[in-house]
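# Summary of structural features
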Amino acid sequence: MTSLKNFASNRVSKSIWALLAILIGLFIITVLLDPYFLSIPSIGTTLLLAAPLGLLAAGQTICMLTGGIDLSIAMIATGAAFIVSVKSADGLVEGLIWAFLYCVLIGSINGLAVGLFGMNPLIMTLGMNAVLIGVFAVGVTTFLQGSSTMPDILISASSDIFLFDPITWPLVIWIVIGGLFLFMLTKTGLGRLVYAIGDNAQAARLAGVKVWQVQWATYVICALLGGVAGILLGGQSGAVAISLANSFLLPSVAAVVIGGTSIMGGMGSYTGTIMGTLILTVLSYLLATVNSSEAVKQMIYGAIVLVLAWTYARISRNS
Amino acid sequence: MTFTQWRRQSWNIAIIVLAIGLGLWRINQLPQFGAYEARTFILGILPIALLSMGQALIIIGGGINLAIGAEAVLINVLSAKFMEGTDFKTSVILAIVFLLLGTGVGALTGWIISTSGIADIVVTLATSFLLVGVAMFVMPQPGGGINQSLANLIAGNDSNFLPPLVWLILPIVLIWIPLYRSRLGVAMYAIGSNKDAAFLSGVNVNLTRVELYAIGGLFAALSGIVTTGVTLSSSPFANISNTATLNSVAGAVLGGVSLAGGVGGLVGPVIASLVLFFIPTILLGFGIDPSYSQIVTGALTIIVVLLGGILRRRTGKIK
């Protein structure tokens, strides 16, 4: 089994150092432009904002490792936040249960369509995204009527400080869930199977892997991670709007790609994705510092993703 | 036509029947149907039909362009900004310049995909951000305009539905039919069916791909200019480009283009965009919340791809 581990992570580990260098470089540039960035509260805020993206990107990582993609993850996140905010009128636990049931349902539909019916993941999740936008736009006036403000306890769970600065609750949640996720990917049978079917689904099937079950689990895990991220985002903004997580869709893909996970599947790691998440978060702070407009931000964002992905493709082809 | 030929066309026939059925239903809803209503129908589908055609070409060649909506939005914004208040001659010259620009943007996208070796999904997701950013930079607010005689030449006026009909048919006659019969057309189907086999048979895969993305860009630019002509303004918004991209993929897939590549044509997507246009308008005619149409469109796309996949597997063409 060590050989499998080496296979999956050897090529990645080299680029982790390159990513770390980029992160430190960006960090230094930001500090030079805005010395306040080095302060503890500012670092706390940056990590706080990185947590939801890190969780969304975790979901995207596992999908991409199997050779898929989940473009409905932003609407899954928004939907979970919506359900929590409305249903917790009956009690917080009830709201959370409804939200996670919803995540399991949508994840199952995505996963079974991809796994059992051989749907193209891109079209499946793109279509699902459209369906969910419609469902929640209708839902606001019908079956999800009610207050769209998040319960107080979730607002503090997504922005308050845990024990001491700069450790915040969302960071703790990210570390715990992200740690479990990393453990699952690298040390458990399911994780191995995810890499296996991403590398060669046909070979995995012939070796006796029930590919559809792994894909089902993949999309359910992805949806659940998206749900947690959505609830954190909802808590951070206080109230839920239908566009809550929309702007996180491209970053969630970008963080994974920058982190060196191949969209073809079978190669990559969550460690890389964490680096990608931090790079993007520092980058958006930097762009906010130089006071650029949304237009410039979008352009630079797109360009950076392209350049980093290109650089990574170069590095991994040479080695 | 022989039986086999009929069977090969069965998908197109089914979609034509569906389009005619929905069209009759819609006409039945209207108090009267004349040339004016016909013009409304054609104007309703023209931008998205053009975009679907561009997307279809790229998908037939084994790729996908998630930035095609952004390309159209960019050209829409540029044309609305610079054509406002110009005379007819300048407007036409500008239109030609922007068509060339769209082609160039498409070619550049194809070139990046070919040389970098990054997956097309990643490249085009990044460029979609970049291009919408540029559009928002050029024109932060909706607005702009176009020379009225050019607008009439694109969209017709009152009950003159000939100009938009010409713009719908002209690209098929002038671009698609020559392309289909040319060397490039054969190369397109070849690289879409099997890239390696095509390469070994002497097809220049990279060049073909760049050319397809360029023509896709030309279609996107056409769609952008037509949008300016129809709406007499521009909308620099990311959600418009995302919806347009989703609809272009839905139109291509519904029009019988296989996402696996190498299958389909450009007439199917045009008829499919009629279907995609009639569904929300019929629902609106019933006084139903337009959000439902998003659900129907998304679900329809999923179901069509699902059925298409099952049918193809049944007939033995596993792909």
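What this report covers is the structure whose coordinates are included nearby.

What counts, and where the lines are drawn
- Residues numbered from 1 in each chain as written.
- Chains lettered and ligands numbered in written order.
- Predicted model: local features only at pLDDT ≥ 70, side-chain atom pairs only at ≥ 80, totals over all residues.
- Helix = DSSP H or I, 4+ residues; strand = E, 2+ residues; numbered from the N terminus.
- Rg over C-alpha atoms; globule rule 2.2 N^0.38 Å.
- Buried ≥ 20, exposed ≤ 12 C-beta atoms within 10 Å, placed from the backbone.
- Contact = placed C-beta atoms within 7 Å.
- Expected span 1.5 Å × (residues − 1).
- Bend = angle between axes of the 7 residues up to and from the residue.
- Nonpolar A, V, L, I, M, F, W, Y, C, P; charged D, E, K, R; others polar.
- Axes fitted to C-alpha atoms, helices over the stretch in contact; angles between N-to-C directions.
- Parallel < 35°, antiparallel > 145°, perpendicular 65-115°, else oblique.
- Left-handed = near helix turned anticlockwise from the far one by under 90°.

## Observations regarding the overall build of chain B
- If you tally the helices and strands in chain B, you get 14 helices and zero strands.
- Of the regular secondary structure in chain B, the N- to C-terminal order runs α-α-α-α-α-α-α-α-α-α-α-α-α-α.
- The globule rule puts the C-alpha radius of gyration for 319 residues at 20 Å, and the 19 Å found for chain B is close to it.
- Here the C-alpha coordinates of chain B stretch approximately 55 × 45 × 35 Å along the principal axes.
- Counting the 319 residues in chain B, one finds 52% classified as buried.
- Excluding contacts between residues fewer than 6 apart, the proportion of contacts in chain B whose partners are at least 24 apart in sequence is 80%.

## Concerning helix H8 (residues 162–181) of chain B
Residues and elements named next belong to chain B.
- Between its first and last C-alpha, H8 extends 27 Å over 20 residues, near the 28 Å set by a 1.5 Å rise per residue.
- Considering bend angle alone, the principal kink of H8 is centred on Ile169 and spans about 30°; proline Pro171 follows within four residues of it.
- Listed as buried for H8 are Pro163, Pro164, Trp167, Pro171 and Trp176.
- In this fold, the buried residues of H8 make contact with helix H3 (35–60), helix H7 (148–155) and helix H11 (205–231).

## Remarks on the interface of chain B and chain A
- Listed per partner, the contact involves 35 residues of chain B and 38 residues of chain A.
- Taken together, the elements giving at least two residues each to the side of chain B that touches chain A come down to helix H6 (120–138), helix H12 (238–254) and helix H14 (291–314) of chain B.
- By residue number, the principal contributor to the side of chain B that touches chain A is H6(B), which donates 13 residues.
- Classifying every residue of the side of chain B that touches chain A by side-chain character gives 24 nonpolar, ten polar and one charged.

## Side note on the environment of Leu246(B)
- On the secondary structure map, Leu246(B) appears in helix H12.
- Since 23 C-beta atoms lie within 10 Å of it, Leu246(B) is described here as buried.
- Sequence-wise, Leu246(B) and Gln294(B) are 48 residues apart; in three dimensions their C-alpha atoms are separated by 11 Å.
- Once residues within four sequence positions are removed from consideration, Leu246(B) is found in contact with Leu126(A) and Ala130(A).

## A word on the packing of helix H4 (residues 68–83) of chain B against H6(B)
Residues and elements named next belong to chain B.
- For the pair H4 and H6, the least separation of the axes is 8 Å and the interaxial angle reads 15°. Classed by the angle they form, the pair H4 and H6 counts as roughly parallel. Read as a crossing pair, H4 and H6 show a hand that is left-handed. Contact residues: Ala70, Glu71, Val73, Leu74, Val77, Leu78 and Lys81 in H4; Ser128, Leu131, Val132, Val134, Ala135 and Val138 in H6.

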